[in-house]
Amino acid sequence: MKATHDESTFTLTGNIWSATYPLEELPKWLDFYRDRCERFPRAASSYAATIAALEALEKALAAQT
């Protein structure tokens, strides 16, 4: 999973899909994927790469400010 951004959006890119969202929705999507892990522990490994990519993006954005 890869997360990239420009000045107003971020894009998540997986092996067979990608999606672009406004930067201000980053916390919402991070919460969503973390919630999936908590609610569906058997599937948690499927969300690990997405969470790691979003957390890395969050950290990179915080370092820019």
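In what follows, the accompanying structure is described. (Residues numbered from 1 in each chain as written. Predicted model: local features only at pLDDT ≥ 70, side-chain atom pairs only at ≥ 80, totals over all residues. Heavy atoms only, no water.)

**With respect to the overall build of the chain**
Heads up, the rule is: We count a stretch as a helix when DSSP gives it H or I for four or more residues in a row; a strand needs E for two or more, and each element gets its number in order from the N terminus. For a compact globule the rule gives 2.2 Å times the number of residues to the power 0.38, and the radius of gyration it is set against comes from C-alpha atoms. When a residue's accessible area, from a 1.4 Å probe over protein chains only, is under 20% of the maximum for its type it is buried; when over 50% it is exposed; and in between it is partly exposed. By definition, residues are in contact when any of their heavy atoms lie within 4.5 Å. Per-residue and other accessible areas were derived by the Shrake-Rupley procedure at a 1.4 Å probe size, with only the shown protein chains allowed to occlude residues. For the charge count, each Lys or Arg is scored as positive and each Asp or Glu as negative, with His and the chain ends excluded. In this description, the location of a charge corresponds to atom NZ of lysine, CZ of arginine, CG of aspartate or CD of glutamate.
Per the secondary structure count, the chain includes 2 helices and 3 strands. Sequence-ordered secondary structure for the chain, helices as α and strands as β, is β-β-β-α-α. Computed over its C-alpha atoms, the radius of gyration of the chain comes to 12 Å, within 12% of the 11 Å expected for a compact globule of 65 residues. If one aligns the C-alpha atoms of the chain with their principal axes, the spans along those axes are about 35 × 25 × 15 Å. Of all 65 residues assigned to the chain, the portion counted as buried reaches 29%. Considering only contacts within the chain whose residues lie at least 6 apart along the sequence, 32% involve residues at least 24 apart. Total accessible area on the chain is roughly 4500 Å²; 53% of this is exposed by carbon and sulfur atoms. One finds the centroid of the 7 positive side-chain charges in the chain at a distance of 9 Å from the centroid of its 9 negative side-chain charges.

**Points about the sheet that holds strand S3 (residues 18–22)**
Inclusion rule: Any two strands are treated as partners once DSSP identifies two or more bridges connecting them. Interaxial angle, 0 to 180 degrees, is taken between N-to-C directions of lines fitted to C-alpha atoms, where a helix line uses only the stretch in contact.
Reading across from one edge, S1-S2-S3 is the order of the 3 strands in this open sheet, with antiparallel pairing throughout. The open sheet has two edge strands, strand S1 (2–5) and S3, and neither has a second partner. Each neighbouring strand pair of the sheet contributes to a mean axis angle of 20°, computed without reference to strand direction. Direction of pairing for strand S2 (residues 9–13) relative to S3: antiparallel, over a ladder of 5 bridges. When the bridges of S3 are listed, Thr11 appears paired with Thr20. Lying on the sheet, helix H2 (residues 44–64) is in contact with S1 and S2; it crosses S1 at an angle near 30°.

Don't take any of this as a statement about function, it's just geometry.
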